[in-house]
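A closer look at the structure
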Amino acid sequence: DVKILTPPDIAERKGGAPIACLTAYTTPMARLVDRHCDVVLVGDSVGMVLHGLPSTLGVTLDMMIMHGKAVRRGVERALMVVDMPFGSYEESPEQAFRNAARLMAETGCAAVKLEGGETMAGTIRFLTGRGIPVMAHVGLTPQSVNVFGGYKVQGRGGDADRILRDAVAATEAGAFSVVLEKIAEPLARAITGKIAVPTIGIGASAACDGQILVVDDMLGQFSEFRPKFVKRYAELGNEADAAIAAYAEEVRERRFPGPEHVFGDVPKTVRRGTA
Ligand code: KIV
Ligand code: NA
């Protein structure tokens, strides 16, 4: 039996071998990520990636629980983290605890992730002091897309200090790691050098202690979404498109199913699809 990685195991990797993380939303994908990565995140990106939502704002706690349960069945070794969705934690530390406890109890995850630094420090302290490990997320925080007015690179101007303070505040409040999203390299390097826990970058350079991507993005499941920071390791979207086109054509031409896919004896006269 392999030991499952814990939040302290991840925290200890600060400054060491880079931490490999990916998202997953289903059991089969979680199995693949678990075989190769240290952290599997059930991100609220699931709303955009699997449910066709225009942003992460419409994602509910029930959606996170459903996908979290599916992912848990595929995880044996990696640390499993589940995102707290918009509206499930911002109101008060008590609200955050109630919903984070549900996520942990119902999915079996070992930690939650929430967006925010200074603003959420009290909540992060409340949760970590009561048995809930927290991964923080600062920089571009997609649940605040309407405040930012888009998904722009953060920390390029006067907001660099604010993002550094967010990362420091989250760390001091007890977060065991901090996701840095879509910030310039110098700021990612400065934060990584300053805080005592691992930084996990997404569009935040190799200066971070670890990396994360949305698994469907790096597998090329969509052709439209191509942000600069996503390297495509496969083109599954194109492959799936070609496969589905071939299937539809073979059905229409009666070339599928063939004799090898059929139960029972097929009369010779209908074998060629002339029936
Ligand atoms: O929702 C998500 O997938 C995320 C990561 C990519 C950091 O928050
Ligand atoms: Na997220």
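Residues numbered from 1 in each chain as written. Chains lettered and ligands numbered in written order. Predicted model: local features only at pLDDT ≥ 70, side-chain atom pairs only at ≥ 80, totals over all residues. Heavy atoms only, no water.

A closer look at the pattern of salt bridges
The final tally for this structure, using the stated rule, is 15 salt bridges. Salt-bridge contacts for Arg-189 lead to Glu-185; the nearest nitrogen and oxygen are separated by 2.5 Å. Placement of both Arg-189 and Glu-185 in helix α9 (residues 185–194) is noted, with a separation of 4 residues, approximately one turn of the helix. (Salt bridge = Lys/Arg side-chain N within 4 Å of Asp/Glu carboxyl O. Helix = DSSP H or I, 4+ residues; strand = E, 2+ residues; numbered from the N terminus.)

Comments concerning the coordination of the sodium ion (ligand 2)
Six octahedrally arranged donors around a metal ideally form angles of 90 or 180 degrees; four tetrahedrally arranged donors ideally form angles of 109.5 degrees. Within the protein, the atoms that donate to the sodium ion (ligand 2) are Asp-44 (OD) and Asp-83 (OD), at distances of 2.2 to 2.3 Å. Of the two residues, Asp-44 is situated in the loop between β2 (39–42) and α3 (46–49) and Asp-83 in strand β3 (residues 79–83); the sequence distance between them amounts to 39 residues. Accessibility assignment for this pair places Asp-44 and Asp-83 in one class, buried. (Donors = N, O, S within 2.8 Å, 3.2 Å for Na, K, Ca; no water. Buried < 20%, exposed > 50% of the residue type's maximum accessible area, 1.4 Å probe, protein only.)

A short note on the packing of helix α8 (residues 160–172) against α9
Put simply, α8 and α9 touch, their axes get as near as 10 Å, and they point 30 degrees apart. Taken together, the axes of α8 and α9 lie roughly parallel to each other. Viewed along their axes, α8 and α9 form a crossing whose handedness is right-handed. For the pair formed by α8 and α9, the contact residues are Ala-160, Ile-163, Leu-164, Ala-167 and Val-168 on the first element and Leu-187, Ile-191 and Lys-194 on the second. Its residues assigned to classes, the contact of α8 with α9 shows 7 nonpolar, no polar and 1 charged. (Axes fitted to C-alpha atoms, helices over the stretch in contact; angles between N-to-C directions. Parallel < 35°, antiparallel > 145°, perpendicular 65-115°, else oblique. Left-handed = near helix turned anticlockwise from the far one by under 90°. Contact = heavy atoms within 4.5 Å. Nonpolar A, V, L, I, M, F, W, Y, C, P; charged D, E, K, R; others polar.)

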